[in-house]
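Single-letter residue listing:
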Amino acid sequence: KQEVTQIPAALSVPEGENLVLNCSFTDSAIYNLQWFRQDPGKGLTSLLLIQSSQREQTSGRLNASLDKSSGRSTLYIAASQPGDSATYLCAVKQNSGNTPLVFGKGTRLSVIA
Amino acid sequence: NAGVTQTPKFRILKIGQSMTLQCTQDMNHNYMYWYRQDPGMGLKLIYYSVGAGITDKGEVPNGYNVSRSTTEDFPLRLELAAPSQTSVYFCASSYVGGYGYTFGSGTRLTVV
């Protein structure tokens, strides 16, 4: 059974700092990995999707990397801003069929002005 | 675009009561999902559907039922509410499995 772990559970940084969020998964035979953002009281918003054949994806100040063989992904946020404060969730899809995503518990990020 | 619409946003139920959480999407997505999120926990899949008339159990289906009579609607039914079902429920949809998820804003349910 696939398990997804995110470390740390919570993180507080000063504005402007670069930071890394970590995600690990137990079964490396994944189809894709996604990073989501969740604001308090809101649903999830998709940030980045990395296919199993890719090493990284970038969107603006966000860069996600994938090392499938070691079962790890990182989300790098450059020049953090208070508006980046949210919970970031990592999710993996096991295969190309109907299997839905398996989510980690998330990392709650606070960026202090 | 409305996306995925969930109703109600909040609800308090007494133990043993029943209710239906509504979910509607207007993107013509084939795949729809129900997740629950407990405090400090990730999302756990309750049920999902790959198209009208087809549903399947997820990780935590006990105490819930679903139906998918149309592409747009995927209601979640709680028959005998229990305190363990206190949670935030999210509905989501995607065009194909595993890509382009769109989430609703959630239903916060408390069972007392």
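Let me sum up the structure you'll find in this document. Given the structure is predicted, the values throughout are model-derived calculations rather than measurements.

Contacts between the two partners involve 20 residues from chain B, matched on the other side by 21 residues from chain A. Of the roughly 1600 Å² buried where chain B meets chain A, counting both sides, 57% is carbon and sulfur surface. Contact with chain A buries surface across chain B, with Tyr99, Tyr101 and Phe103 of chain B losing the most and accounting together for 30% of the total. Our count for the contact surface shared by chain B and chain A stands at one salt bridge. Between Lys1 of chain A and Glu59 of chain B there is a salt bridge, with its nearest N and O atoms 3.2 Å apart. When contributions to the side of chain B that touches chain A are tallied by element, the ones reaching two or more residues are β4 (31-37) and β5 (43-51) of chain B. Among the residues forming the side of chain B that touches chain A, the class breakdown is 12 nonpolar, seven polar and one charged.

Applying the stated criterion across every chain yields a total of 10 aromatic pairs over all chains. Centroid distance Tyr33 of chain B to Tyr101 of chain B: 4.7 Å. Interplanar angle 15 degrees. Geometry classified as stacked. You can see Tyr33 of chain B sitting in strand β4 and its partner Tyr101 of chain B sitting in the loop between β9 (87-94) and β10 (102-103), a full 68 residues away along the chain. Grouping residues by exposure puts Tyr33 of chain B and Tyr101 of chain B together as buried. Following the ring pairs from residue to residue traces out a cluster consisting of Phe36 and Phe103 of chain A together with Tyr33, Tyr35, Tyr101 and Phe103 of chain B.

So, how was this worked out
Residues numbered from 1 in each chain as written. Chains lettered and ligands numbered in written order. Predicted model: local features only at pLDDT ≥ 70, side-chain atom pairs only at ≥ 80, totals over all residues. Heavy atoms only, no water. Contact = heavy atoms within 4.5 Å. Buried area = accessible area lost by both parts, 1.4 Å probe. Salt bridge = Lys/Arg side-chain N within 4 Å of Asp/Glu carboxyl O. Helix = DSSP H or I, 4+ residues; strand = E, 2+ residues; numbered from the N terminus. Nonpolar A, V, L, I, M, F, W, Y, C, P; charged D, E, K, R; others polar. Phe/Tyr/Trp six-rings, centres within 6.5 Å; stacked < 30°, edge-to-face > 60°. Buried < 20%, exposed > 50% of the residue type's maximum accessible area, 1.4 Å probe, protein only.

None of this, on its own, says anything about what the molecule does.
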